[in-house]
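A structural walkthrough
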Amino acid sequence: MATTTTTGCVSLQKSLEWCEGTSVYAGMRRRVYYISKGQIVKWPTLPRNEKTRQPTSSVYSGDFALKADAKFHYIDIVPERSQHTSDPQGDRPSQTQLNKLTLVYPGVGAEASDACAYLNNNDNVFIWQDMDGNWRVTGCEKWPTKTTVAQDNGQGATGTAGTTISVEAPDEVASPFYTGVIPAEDGDINGTAA
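Residues numbered from 1 in each chain as written. Predicted model: local features only at pLDDT ≥ 70, side-chain atom pairs only at ≥ 80, totals over all residues. Heavy atoms only, no water.

With that out of the way, let us pick up the sheet that holds strand 12 (residues 162-171). Read across the sheet, four strands follow the order 7-8-12-11 without closing on themselves; strand pairing throughout is antiparallel. Two strands close off the open sheet at either side, each with one partner strand: strand 7 (83-89) and strand 11 (146-152). Strand-to-strand, the axes of this sheet are offset by a mean angle of 15°, without reference to chain direction. Both strand 7 and strand 8 (residues 96-105) contribute to a ladder of seven bridges, which runs antiparallel. Paired with T85 across the two strands is K100, which belongs to strand 8. (Pairing = 2+ DSSP bridges. Helix = DSSP H or I, 4+ residues; strand = E, 2+ residues; numbered from the N terminus. Axes fitted to C-alpha atoms, helices over the stretch in contact; angles between N-to-C directions.)

Rendered as structure tokens:
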């Protein structure tokens with residue numbers, strides 16, 4: 001429950017409990033979804049404190065609404081070589097998070113090169129699933145997302161070829177959770193289903 005301070009601002013501090021013996025699984029699941037922000041008509045929103053305008057939760061409310069016939073596309077990644085990180089950036093009172101994705105696609109063919117050209121030059125949003133089944137969003141409506149793509153054909157018989165997609169996306173929170181519908185080209189996904 002939020003409490004009021006002597007200045008009249010509402011405190012957003014909450015306890016952060018962890019039960020001994022609870023597992024925390026690292027990593028990401030295999031399929032990541034993405035779309036150009038230009039295809040989004042309406043974004044879900046983070047709940048906010050009326051006075052401070054700070055987010056009061058890291059869980060988006062509502063759904064993504066897309067332009068007619070637009071769908072989220074997918075990238076099948078190598079989970080063992082892909083990851084999400086989030087670091088603080090800036091200074092108080094304007095500190096934000098820099099959310100980063102490293103997505104490794106196990107191929108360097110024409111389809112991967114086509115994706116390179118598209119992703120490098122678009123402001124995208126990515127939706128991915130953690131190992132607990134939660135859907136997370138990297139990229140927000142407020143700030144641009146930078147996506148860069150590199151390819152490596154590997155060396156010799158034991159080398160590893162692949163395409164690495166690197167994403168940097170400023171946000172107010174560390175890759176918010178999403179429980180709405182993901183309108184994807186392989187069928188709509190219910191964000192609440194693990």
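Turning our eyes to something else, we now look at the packing of aromatic side chains. Inspection of every chain in the model, using the stated rule, returns seven aromatic pairs. For the pair Y33 and Y74, a centre-to-centre distance of 6.4 Å together with 70° between the ring planes defines the contact as edge-to-face. Remark: Y74 occurs in strand 6 (residues 73-76) and Y33 occurs in strand 3 (residues 31-36); sequence separation between them is 41 residues. Among the residues examined, Y74 registers a relative accessible area of 32% and is labelled partly exposed. Seen in terms of ring centroids, Y34 and Y118 are 6.1 Å apart; in terms of plane orientation they differ by 55°. Their pairing is tilted. In this pair, Y34 is assigned in strand 3 and Y118 in helix 1 (residues 110-120), connecting sequence segments 84 residues apart. The exposure class assigned to Y34 is buried, which follows from its relative accessible area of 9%. Each member of the aromatic cluster is reached from another via a ring pair, and the members are W43, F64, F72 and Y178. (Phe/Tyr/Trp six-rings, centres within 6.5 Å; stacked < 30°, edge-to-face > 60°. Buried < 20%, exposed > 50% of the residue type's maximum accessible area, 1.4 Å probe, protein only.)

Let us now look at unusual backbone geometry. Of note, the amide linkage connecting R92 to P93 takes the cis form, showing an omega dihedral of 0°. Mapped onto the elements of the fold, P93 is located in the loop between strand 7 and strand 8. We note that D69 has phi near 70°; this positive angle belongs to a residue other than glycine. Within the secondary structure, D69 is located in the loop between strand 5 (65-66) and strand 6.

The strand order across the open sheet formed by five strands is 6-3-9-10-13, and the pairing between neighbours is antiparallel. A single partner strand is all that each edge strand has here, and the edge strands are strand 6 and strand 13 (177-178). In this structure, strand 9 (residues 124-129) lies alongside strand 10 (residues 135-138), joined through four bridges in antiparallel fashion. Note on strand 10: the bridge partner recorded for F126 is T138.

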